[in-house]
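# Overview (structure and organization)
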Amino acid sequence: MFIDRVVIEVRSGKGGDGAIAFLREKYVPKGGPAGGNGGRGASIFLRANSKINTLLNFRHSKTFIGNDGEKGGIKNQFGKYADDVTIDVPVGTVIFEEEGHKFLGDLNEDGKTIRVAKGGRGGRGNSAFRSPTNRTPKIAENGEPGERKRLILELKLLADVGLVGFPSVGKSTLLSVVSSAKPEIADYPFTTIVPNLGVVKTKDGRSFVMADLPGLIEGAHQGKGLGLQFLRHIERCRVIIHLIDFGESGRDPIEDYKVINNELKSYGFGLDKRPSILVGSKMDEEGAEEKLKAFKKKIKQEIIPISALTDEGIEEVLYKAADLLDKTPAFPLYDEEEEELDTKLYELPEEEKEFVVEKVSSHEYRIFGDKIIKFYKMTNITTDEGMMVLMTKLRKLKVDDELEKLGADDGDVVYLDDFQFEYYR
């Protein structure tokens, strides 16, 4: 089964907590703090693997969780780092974050690896907080939380040449004639429901990969028929072979030509601007020559008539495709790096607020904000000093002022993630 789009969830590991410890040695009565730092949590990586051809493995395994880092130990012992998790995917997989459809990377080369979730940093032990004014700190950090993301994986085949056209125009037949590929072929619409690849070799020694892709219909760029499944895989093709049916199917070649070109243009990615070869198929059938003459009068583009039955025009198509590939560079799907420009405009982003306070009921308030919640989660509040650090941070951010503006009274409950305290002026 060919699977070319899946949604998975990845969760990187939390960093290990820092330790609170003191030296207890016979001849060192005041040995000082000795709590070690926690280890880093496991990161999640995706790696392109040429031995995998489909995303089928992710049909059932859709959640990948990294281990947490080890806690810090006594005598300044650091916690062990968790082993990173590497997930193999097919070459040609494009990665998006589901929220906002943010592009993360294109695994278009064998062995290319992208980190999709960063493991949390280990928390500092109390040794790291020693200072001239606090020689025996009783505070340590908790490990940094890991990341949790839902990812969309889309497989976009690495083919040099893509065959396009309406269903049953002869794409699968052509691929089976020019390569060793064995696509299923029958005389009914939508025979090809998944892409097929074949390696094509010309008589002068050149070779390239050709893809027979599911047939298009009008409205394919909006998802009708097998449209989006097809168009996803043609994005990487450097040359497009457009097949027009001149056989006895009863189709209008001129209308088919216009519809397919419109679908390519509407989809985007510059598909309509890529080098293309127009091919008239099924020229061995009755009435094909008359249809070809009528087509040439209306469409002023070179067209190569072929017949898979008699091999007419097949070599000419292959040589022309090879010639175009020799002078056509690869088309990047996404700009992974910003292009160098003579002039760059830099804009200062608005500073993100560390917190927001909202009233959730008559006597209850909640503090929101990724930064303040992260600070809370990394603060060990099991000790008096740790609790003091958190409350000092809230006062420094003037959370009290925000609560007063919202009309908070003495004794009202304030929530910060899973922590709660009472407000007093």
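For the structure, check the block above.
Heads up: these notes are all about the structure in this document.

Attention now moves to the overall build of the protein. Helix and strand counts for the protein come out as eight helices and 18 strands. A burial count over the protein gives 46% of its 425 residues as buried. Across the protein, every contact between residues at least 6 apart in sequence was considered, and the portion connecting residues at least 24 apart equals 71%. Surface accessibility of the protein: about 23,500 Å² in total, with carbon and sulfur atoms responsible for 48%.

Residues Val161, Phe208, Met210, Ile241 and Ile277 are the most contacted members of the largest nonpolar core, which totals 35 residues. Those elements giving two or more residues to this core turn out to be strand E9 (161-164), helix H1 (171-178), strand E11 (207-212), strand E12 (239-245), helix H3 (253-267), strand E13 (276-281) and helix H5 (314-327). In this structure, phenylalanine 208 is in contact with Asp160, Val161, Gly198, Val199, Val200, Thr202, Leu318, Ala321, Ala322 and Leu325, ignoring residues within four places of it in sequence. Formed by 21 residues, the second largest nonpolar core is a distinct cluster that contains Leu55, Phe64, Ile87 and Leu151.

Mapping glutamate 248 onto the fold places it in the loop between E12 and H3. On the basis of relative accessibility, which here comes to 54%, the residue glutamate 248 falls in the exposed class. Remark: the alpha-carbon pair of glutamate 248 and glutamate 285, spanning 37 residues in sequence, is separated by 6.6 Å. Once residues within four sequence positions are removed from consideration, glutamate 248 is found in contact with Glu285, Glu286 and Lys291.

What follows covers the side chain of glutamate 9. Here glutamate 9 is to be found in strand E1 (residues 5-11). Here arginine 11 takes part through its side chain, which lies 2.6 Å from a polar atom of the side chain of glutamate 9. Filtering out sequence-adjacent residues up to four positions away, glutamate 9 remains in contact with Lys62, Thr63, Phe64, Arg148, Lys149 and Arg150.

So, about the sheet that holds strand E14 (residues 303-305). Taken together, the six strands give an open sheet; going across it, the order is E10-E11-E9-E12-E13-E14, and neighbouring strands pair in mixed fashion. Each having just a single partner strand, strand E10 (196-201) and E14 make up the two edges of the open sheet. Direction aside, the axes of adjacent strands within the sheet are offset by 30 degrees on average. When E9 meets E12, the two strands line up parallel, connected through four bridges. Following the sheet pairing, glycine 162 is matched in E12 by isoleucine 240. The strands that H3 touches are E9, E12 and E13; relative to E12, the one it contacts most, it runs at about 150 degrees.

This part takes up the packing of aromatic side chains. Taken as a whole, this structure holds six aromatic pairs when the rule is applied. Aromatic rings pair up to connect Phe246, Tyr257 and Phe295 into one cluster. When the ring centre of phenylalanine 166 is taken as origin, the NZ or CZ atom of arginine 251, which lies over that ring, is 4.2 Å away. In this structure, lysine 393 is placed above the aromatic ring of phenylalanine 375, and the distance from its NZ or CZ to the ring centre is 5.1 Å.

A word on helix H7 (residues 384-396). For H7, spanning 13 residues, the distance from its first C-alpha to its last is 18 Å, which sits close to the expected 18 Å at 1.5 Å a residue. Those residues of H7 that fall on the buried side of the exposure criterion are Gly386, Leu390 and Leu394. All buried residues of H7 lie within an arc of 80 degrees about the axis, which places them on one face of the element. Turned more than 90 degrees from where H7 packs its buried face, Asp384 and Lys396 sit exposed. Among the structural elements, strand E16 (364-368), helix H6 (370-377), helix H8 (399-405), strand E17 (413-416) and strand E18 (419-422) are those in contact with the buried residues of H7.

What follows concerns the pattern of salt bridges. Counted under the stated rule, the structure contains 19 salt bridges. Between lysine 374 and glutamate 144 there is a salt bridge; the shortest N-O distance is 2.6 Å. You can see lysine 374 sitting in helix H6 and its partner glutamate 144 sitting in the loop between strand E7 (113-117) and strand E8 (148-155), a full 230 residues away along the chain. Each of Asp204, Arg206, Asp323 and Asp326 takes part in a single network of salt bridges with overlapping partners.

Taking 1.5 Å as the rise per residue, H3 with 15 residues should run 21 Å; its terminal C-alpha atoms sit 21 Å apart, in good agreement. For H3, the full list of buried residues reads Pro253, Ile254, Asp256, Tyr257, Val259, Ile260, Glu263, Leu264 and Tyr267. The N-capping residue of H3, defined by a side-chain oxygen 3.1 Å from the backbone nitrogen of isoleucine 254, is aspartate 252.

Read across the sheet, three strands follow the order E4-E2-E7 without closing on themselves; strand pairing throughout is mixed. Two strands close off the open sheet at either side, each with one partner strand: strand E4 (85-90) and E7. Averaged over all pairs of adjacent strands, the angle between their axes in this sheet comes to 30 degrees, without regard to strand direction. Here strand E2 (residues 44-49) runs beside E7; their pairing, made up of four bridges, is antiparallel.

The rules behind these values
Residues numbered from 1 in each chain as written. Predicted model: local features only at pLDDT ≥ 70, side-chain atom pairs only at ≥ 80, totals over all residues. Heavy atoms only, no water. Helix = DSSP H or I, 4+ residues; strand = E, 2+ residues; numbered from the N terminus. Buried < 20%, exposed > 50% of the residue type's maximum accessible area, 1.4 Å probe, protein only. Contact = heavy atoms within 4.5 Å. Areas by Shrake-Rupley, 256 points an atom, 1.4 Å probe, with all protein chains shown as cover. Core = buried A, V, L, I, M, F, W, Y, C linked by side-chain atoms within 4.5 Å. Polar contact = N/O pair within 3.5 Å; in protein donor to acceptor, adjacent residues only side chain to side chain. Pairing = 2+ DSSP bridges. Axes fitted to C-alpha atoms, helices over the stretch in contact; angles between N-to-C directions. Phe/Tyr/Trp six-rings, centres within 6.5 Å; stacked < 30°, edge-to-face > 60°. Lys NZ or Arg CZ within 6 Å of the ring centre and 35° of its normal. Expected span 1.5 Å × (residues − 1). Arc of directions from axis to C-beta. Salt bridge = Lys/Arg side-chain N within 4 Å of Asp/Glu carboxyl O.

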